[in-house]
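Chain residues, written in single-letter form:
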Amino acid sequence: MPQPSAPDHTNAIEINGLNKWYDTYHALKDVNLTVAHGERIVVCGPSGSGKSTLIRCVNSLEAHDSGTITVDGTRMGDAASIEAIRAEVGMVFQQFNLFPHLTILQNLTLGPMKARGLSRADAEDRAMKYLERVQIPEQANKKPGALSGGQQQRVAIARSLCMEPKIMLFDEPTSALDPEMIAEVLDVIVDLAESGMTMIVVTHEMGFARRAADRMVFMDHGAIVETGTPQEFFENPKSERCRTFLNQILKH
Amino acid sequence: MKNIAALASIAFLAGCGGSGNWGWYVIDPTTHQGMSHIKFLMNGFGATILLSVFAAVMSMLIGLLVALPGMSSNRWVRLPSRIYVEFVRAIPLLPMLFWVFYGLPVVLKSMGISLSIDAFWGAVITLAISDSAFTAEIYRSGIQSIARGQTEAAKTIGLTYTQTMRYVILPQAIRRILPPLANQFIYIVKMSAFASVIGMQELTRRANELVVTEYRPLEIYTLLILEYLVLVLVISFFVRWLERKMGADESR
């Protein structure tokens with residue numbers, strides 16, 4: 001049974017002693033992370049450092065091997081708790097993962113209608129509201145294949161928002177985009193951040209991180225190496241590995 | 001075009017009738033007796049088609065029920081499905097037909113179920129089971145060709161397994177599944193000839209019976225082969241049309 005949440009003093013996400021292995025590969029090593037309500041976290045680190053695995057554990061797309069994850073007061077465990085957590089958590093993927101056989105509108109109404117039991121009219125009203133928020137209401141009746149990558153990713157964000165989550169996870173949301181489309185997607189995410197949404201964003205977009213993050217998390221080899229405010233993180237990184245990483249990605 | 005060529009070859013063979021070795025009179029449509037023989041043979045079409053359609057529909061249902069657990073991430077759920085496919089694929093059709101027709105009623109009776117299996121249902125069950133191992137593999141490859149990201153996206157918007165299959169995966173997989181399934185139908189039509197050995201009055205059985213009374217195997221079996229040829233060509237034509245239609249849909 002999901003434990004009742006105590007809204008004022010629980011955190012949005014509490015991760016304690018999290019470990020994950022892929023066979024013999026130790027993908028997450030004793031990860032601890034607490035995210036307050038309304039906090040915006042940016043996770044960065046070299047590829048293979050476990051960033052994506054970490055946020056995919058938060059909504060149980062990956063099972064963890066030991067440690068605990070508590071989302072909005074619900075401790076992850078049985079199927080019911082996972083369902084309850086997924087109802088609170090939206091996710092945006094690197095590859096968008098829109099449903100290609102459905103129109104944009106159908107992509108947005110599917111979850112609200114089937115998982116939440118909304119009527120078609122209510123689901124469509126909600127879908128149009130969020131399509132306007134990501135500034136593409138005019139694409140509602142097209143299939144995803146007819147849209148640019150940037151537009152598709154904005155639709156994917158709107159699709160998540162239609163479930164009205166309390167927490168949003170972004171897994172490298174701009175990594176599959178052509179450079180000229182990155183800004184339009186980041187603008188939508190910044191807008192969302194400013195509205196007070198709790199979010200964890202895995203990204204290499206350091207300009208975005210400076211603009212939107214409350215806290216930076218740097219991971220390497222499956223462990224959290226360093227956390228801090230963007231100012232501390234960029235101007236005075238404590239660890240050598242973090243300095244090396246920042247030098248590499250900020251050089252260009 | 002092929003049908004015309006087939007008719008032309010009949011006409012050519014018919015021309016050999018005078019040589020003494022040929023006895024095309026037995027199926028000569030211009031004589032009363034020849035015509036009644038042809039009618040007798042052609043009356044097997046109904047049973048062959050009905051048998052094939054029933055077997056194909058049943059095979060598609062069994063195949064789906066076998067394929068779905070066969071894709072589970074849990075190996076113990078997967079195992080029975082794999083065993084079924086390997087086991088059924090290994091049994092030749094004819095022995096299985098004998099077993100179902102002569103043996104299965106005995107097994108059922110020992111379980112307290114008194115059920116006589118007539119030739120039609122004996123053949124339908126055997127063809128369906130035998131073919132289901134192949135349809136299961138067609139489903140599996142079709143469904144697994146849909147990217148994992150689709151399932152993950154469906155999970156994050158709260159869809160259950162059944163909803164994910166119904167609204168997200170199967171509508172996409174069906175385009176890749178239908179053409180090979182329709183192709184598999186051709187095999188069922190051809191394999192249905194085995195039903196003649198348990199007394200099913202289909203195309204082959206009727207040809208056999210006429211051969212016994214008329215003793216004109218060459219002519220009668222030639223016509224039998226042409227009967228199957230026409231039937232299969234019609235289905236092939238339909239399959240190709242389906243493939244074109246599905247292919248056109250996919251690119252949209």
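Residues numbered from 1 in each chain as written. Chains lettered and ligands numbered in written order. Predicted model: local features only at pLDDT ≥ 70, side-chain atom pairs only at ≥ 80, totals over all residues. Heavy atoms only, no water.

- Under an unreviewed UniProt entry, the name given to chain B is Polar amino acid transport system permease protein, and the source organism is Sulfitobacter undariae.
- The record in UniProt for chain B states the following under Function (unreviewed entry): "Part of the binding-protein-dependent transport system for glutamine; probably responsible for the translocation of the substrate across the membrane."
- Regarding chain B, the relevant UniProt record gives this comment under Sequence similarities (unreviewed entry): "Belongs to the binding-protein-dependent transport system permease family. HisMQ subfamily." (UniProt positions renumbered as here; feature names shortened; annotations may be inferred.)

- An unreviewed UniProt entry lists chain A under the name ABC-type polar amino acid transport system ATPase subunit, with Sulfitobacter undariae given as the organism.
- Looking at the Sequence similarities (unreviewed entry) heading of the UniProt record, one finds this comment for chain A: "Belongs to the ABC transporter superfamily."

**Quick look at the packing of aromatic side chains**
All names here are of chain B.
Part 1 of the argument: If you walk through the whole model with that rule in mind, you get eight aromatic pairs over all chains.
Part 2 of the argument: Consider the rings of Phe120 and Trp121, whose centres lie 5.2 Å apart with planes at 85°: the pair is edge-to-face.
Part 3 of the argument: For Trp121, a relative accessible area of 35% translates into the label partly exposed.
Part 4 of the argument: Members of the aromatic cluster, each reached through a chain of ring pairs, are Phe54, Phe120 and Trp121.
Part 5 of the argument: Positioned above the aromatic ring of Tyr187 is the side chain of Lys190, whose terminal nitrogen or guanidinium carbon lies 5.5 Å from the ring centre.
Part 6 of the argument: A cation over an aromatic ring shows up here: Arg206 above the ring of Phe40, its NZ or CZ 4.6 Å from the ring centre. (Phe/Tyr/Trp six-rings, centres within 6.5 Å; stacked < 30°, edge-to-face > 60°. Buried < 20%, exposed > 50% of the residue type's maximum accessible area, 1.4 Å probe, protein only. Lys NZ or Arg CZ within 6 Å of the ring centre and 35° of its normal.)

**Examining the UniProt feature "domain: ABC transmembrane type-1" (unreviewed entry) in chain B**
Part 1 of the argument: The sites that carry the UniProt feature "domain: ABC transmembrane type-1" (unreviewed entry) are, in the present numbering, residues 45-239 of chain B.
Part 2 of the argument: Between the end C-alpha atoms of residues 45-239 of chain B the distance is 20 Å, and the span holds 83% helix and 0% strand. (Helix = DSSP H or I, 4+ residues; strand = E, 2+ residues; numbered from the N terminus.)

**Observations regarding the pairing of strand S10 (residues 223-228) of chain A**
All names here are of chain A.
Part 1 of the argument: Taken together, the five bridges between strand S9 (residues 215-220) and S10 define a ladder with antiparallel strand orientation. Its bridge partner lying in S10, Met216 is registered against Gly228.
Part 2 of the argument: In this antiparallel pair of consecutive strands, S9 and S10, the connection spans two residues, and His221 shows a positive phi of 50°. (Pairing = 2+ DSSP bridges.)

**Brief notes about the UniProt feature "domain: ABC transporter" (unreviewed entry) in chain A**
Part 1 of the argument: Under the present numbering, the feature "domain: ABC transporter" (unreviewed entry) in UniProt falls on residues 13-246 of chain A.
Part 2 of the argument: Its end C-alpha atoms 27 Å apart, residues 13-246 of chain A is made of 39% helix and 26% strand.

**Topic: the interface of chain A and chain B**
Part 1 of the argument: Between chain A and chain B, the contact holds 20 residues from the first and 17 residues from the second.
Part 2 of the argument: Between chain A and chain B the total buried area reaches about 1600 Å² when both faces are included, carbon and sulfur atoms providing 61% of it.
Part 3 of the argument: Taken together, chain A and chain B are joined by one salt bridge.
Part 4 of the argument: A salt bridge links Arg56 of chain A to Glu152 of chain B; the nearest nitrogen and oxygen atoms lie 2.6 Å apart.
Part 5 of the argument: Inspection of the region where chain A meets chain B yields seven residue pairs in polar contact (both at pLDDT 80 or more).
Part 6 of the argument: For the side of chain A that touches chain B, the secondary-structure elements that each account for two or more residues are strand S6 (89-92) and helix H3 (104-114) of chain A.
Part 7 of the argument: For the side of chain A that touches chain B, the element with the highest residue contribution is H3 of chain A, accounting for three residues. (Contact = heavy atoms within 4.5 Å. Buried area = accessible area lost by both parts, 1.4 Å probe. Salt bridge = Lys/Arg side-chain N within 4 Å of Asp/Glu carboxyl O. Polar contact = N/O pair within 3.5 Å; in protein donor to acceptor, adjacent residues only side chain to side chain.)

**Re the pattern of salt bridges**
Part 1 of the argument: Within the structure shown, the criterion is met by 21 salt bridges over all chains.
Part 2 of the argument: Arg40 of chain A is the partner of Asp214 of chain A in a salt bridge, and the nearest nitrogen-oxygen pair spans 3.5 Å. In this pair, Asp214 of chain A is assigned in the loop between helix H7 (206-212) and S9 and Arg40 of chain A in strand S3 (residues 40-44), connecting sequence segments 174 residues apart.
Part 3 of the argument: A salt bridge links Arg126 of chain A to Glu164 of chain A; the shortest N-O distance between them is 3.6 Å. Separated by 38 residues along the polypeptide, Arg126 of chain A in helix H4 (residues 120-133) and Glu164 of chain A in the loop between helix H5 (149-161) and strand S7 (167-171) bring together distant segments of the chain.
Part 4 of the argument: What you see here is one network of salt bridges that share partners, running through Arg82, Glu86, Arg89, Glu137 and Arg140 of chain B.

**Quick look at the packing of H3 of chain A against H5 of chain A**
All names here are of chain A.
Part 1 of the argument: Packing of H3 against H5 brings their axes to within 8 Å, and their N-to-C directions diverge by 25°. Accordingly, the angle class assigned to the pair H3 and H5 is roughly parallel. Of the two possible hands of crossing, H3 and H5 adopt the one that is right-handed. Taking contact as the criterion, the partners of Ile104, Asn107 and Leu108 in H3 are, on H5, Val155, Ala158 and Arg159.
Part 2 of the argument: Of the residues contributing to the contact of H3 with H5, the split by class is four nonpolar, one polar and one charged. (Axes fitted to C-alpha atoms, helices over the stretch in contact; angles between N-to-C directions. Parallel < 35°, antiparallel > 145°, perpendicular 65-115°, else oblique. Left-handed = near helix turned anticlockwise from the far one by under 90°. Nonpolar A, V, L, I, M, F, W, Y, C, P; charged D, E, K, R; others polar.)

**Digging into the sheet that holds strand S4 (residues 66-71) of chain A**
Residue and element names in this part refer to chain A.
Part 1 of the argument: The sheet built from four strands is open, its strands ordered S2-S1-S4-S5 with antiparallel pairing. The sheet terminates laterally at strand S2 (25-35) and strand S5 (74-75), the two strands that pair on one side only.
Part 2 of the argument: Here strand S1 (residues 13-22) pairs with S2 via seven bridges, running antiparallel. Considered in S2, the bridge of Lys20 is made with Leu28.
Part 3 of the argument: Contacts between helix H1 (residues 51-58) and the sheet are confined to S1, S2 and S4, with S1 contributing the most and set at about 120° to the helix.

**Re the sheet that holds S9 of chain A**
Residue and element names in this part refer to chain A.
Part 1 of the argument: Strand order in the open sheet formed by six strands is S6-S7-S8-S3-S9-S10, with mixed pairing between adjacent strands. Sheet topology places S6 and S10 at the edges, where each strand pairs with a single neighbour. Across the sheet, the axes of successive neighbouring strands diverge by a mean angle of 20°, strand direction being ignored.
Part 2 of the argument: In the packing of H1 onto the sheet, contacts are made with S3, S6, S7, strand S8 (198-202) and S9, and the angle to S7 comes to roughly 150°.
Part 3 of the argument: The sheet strands contacting helix H2 (residues 79-88) are S6 and S7, and the helix crosses S6 at an angle near 65°.

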